[in-house]
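Geometric and topological summary
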Amino acid sequence: MKILNWKIWLSFGLVALSVALYASNYLIFRDANYMFRLFLAQLGFLPISVLLVTIIVNQLLARLAPADLNHLALDLERANTLLISEWLAYMRYLKSRYPYLFSLALRTNPFDPEASPEIRE
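In what follows, the accompanying structure is described. (Residues numbered from 1 in each chain as written. Predicted model: local features only at pLDDT ≥ 70, side-chain atom pairs only at ≥ 80, totals over all residues. Heavy atoms only, no water.)

1. Observations regarding the nonpolar core
Cut-off, in case you're wondering: Among buried residues, the Ala, Val, Leu, Ile, Met, Phe, Trp, Tyr and Cys ones that are joined through side-chain atoms within 4.5 Å form a nonpolar core. Buried, partly exposed and exposed residues are distinguished by accessible area as a fraction of the type maximum, computed with a 1.4 Å probe on protein chains only: under 20%, between the cut-offs, and over 50%, respectively. Secondary structure is summarised from DSSP: a helix means a run of H or I of at least four residues, a strand means a run of E of at least two, and numbering begins at the N terminus for each. Contact definition: two residues touch when any of their heavy atoms are within 4.5 Å.
Judged by nonpolar contacts, Trp87, Met91, Leu94, Phe102 and Ala105 together constitute the single largest core of five residues. Looking at this core, the elements that each hand over two or more residues are helix 4 (66-97) and helix 5 (99-107). Sort the elements by how many residues they give to this core and helix 4 lands first, with three residues. Once residues within four sequence positions are removed from consideration, Met91 is found in contact with Phe102, Ala105 and Leu106.

Okay, structure coming up:
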């Protein structure tokens, strides 16, 4: 029942986000015809797509064998290792050419859960 609960909340949240995006589109442009013509192509469809993909991926992962899950975990570890090395190379580039951007990037380190753009003394 707990899994069904988060799916329901996610569904309502994403549908509400979709409605809010379409409402803001109407408030900004005041053109309902334009909004309805591009209904499927607009950003408001994105939350519904995310909902469908999330449910499908969740169902697929629930059916995987433990060996497959271990394999996926190793793949994610490899991807993280490559991302870290790329991030470090990017930081070296910023440090040598753009020291102020380097300072900001260092403070907003994606690998530090307590990172903040604010300068701490």
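2. Overview of the side chain of Asn109
In plain terms, the rule: Distance and chemistry together define a polar contact, namely a pair of N or O atoms within 3.5 Å, with one atom able to donate a hydrogen and the other to accept it when in protein, and with adjacent residues in sequence counting only for side-chain atoms on both sides.
Structurally, the position occupied by Asn109 is in the segment after helix 5. Note on Asn109: relative accessible area 18%, which makes it buried. At 2.7 Å, the side chain of Asn109 and the backbone nitrogen of Phe111 are in polar contact. In contact with Asn109, not counting residues within four places along its chain, are Trp87 and Ala115.

3. Considering helix 4
Note the cut-off: Given a helix with a known number of residues, its expected span is that number minus one, times 1.5 Å.
For helix 4, with 32 residues, the first-to-last C-alpha span of 46 Å sits near the 46 Å given by 1.5 Å per residue. Among all positions of helix 4, only Trp87, Met91 and Leu94 are buried. Contacts from the buried residues of helix 4 go to helix 5.

4. Comments concerning the pattern of salt bridges
Two side chains bearing opposite charge may form a pair once their charged atoms approach each other closely. Quick reminder of the rule: Salt-bridge detection follows one rule: a side-chain nitrogen of Lys or Arg within 4 Å of a carboxyl oxygen of Asp or Glu.
The full count for this structure, using the stated rule, is one salt bridge. Taking the shortest distance from any N to any O, the salt bridge between Asp75 and Arg78 comes out at 2.7 Å. Taken together, the positions of Asp75 and Arg78, both in helix 4 and three residues apart, correspond to about one turn of that helix. Relative accessible area serves as the criterion here: at 29%, Asp75 is assigned to the partly exposed category.

5. Details of the packing of helix 4 against helix 5
Keep this limit in mind: Interaxial angle, 0 to 180 degrees, is taken between N-to-C directions of lines fitted to C-alpha atoms, where a helix line uses only the stretch in contact. Amino acids outside the nonpolar list (Ala, Val, Leu, Ile, Met, Phe, Trp, Tyr, Cys, Pro) and the charged list (Asp, Glu, Lys, Arg) are all regarded as polar, and Gly is one of them.
Two elements in contact, helix 4 and helix 5, have axes separated by 6 Å at closest approach and are oriented at 145°. Counted together, Trp87, Met91, Leu94, Lys95 and Arg97 of helix 4 and Pro99, Leu101, Phe102, Ala105 and Leu106 of helix 5 form the full contact between these two elements. Here the contact of helix 4 with helix 5 is built from residues that sort into eight nonpolar, no polar and two charged.

6. What to know about the environment of Tyr98
Along the polypeptide, Tyr98 turns up in the loop between helix 4 and helix 5. Exposure remark for Tyr98: the relative accessible area of 41% places this residue in the partly exposed category. Distance in space between the C-alpha atoms of Tyr98 and Phe36 is 45 Å, their sequence separation being 62 residues.

7. Points about the packing of aromatic side chains
Spelled out, the test is: When two rings of Phe, Tyr or Trp (its six-membered ring) have centres within 6.5 Å they constitute a pair, described as stacked for plane angles under 30 degrees, edge-to-face for angles over 60, and tilted for the intermediate range.
Taken as a whole, this structure holds two aromatic pairs when the rule is applied. Each ring, one from Trp87 and one from Phe111, has its centre 5.3 Å from the other, and the planes form 80°; the classification is edge-to-face. With Trp87 in helix 4 and Phe111 in the segment after helix 5, this residue pair connects regions lying 24 residues apart in the sequence. Of the residues examined, Trp87 reaches a relative accessible area of 18% and is grouped as buried. Residue classification places Phe111 among the partly exposed positions, given a relative accessible area of 41%.

In short, geometric facts, not functional conclusions.
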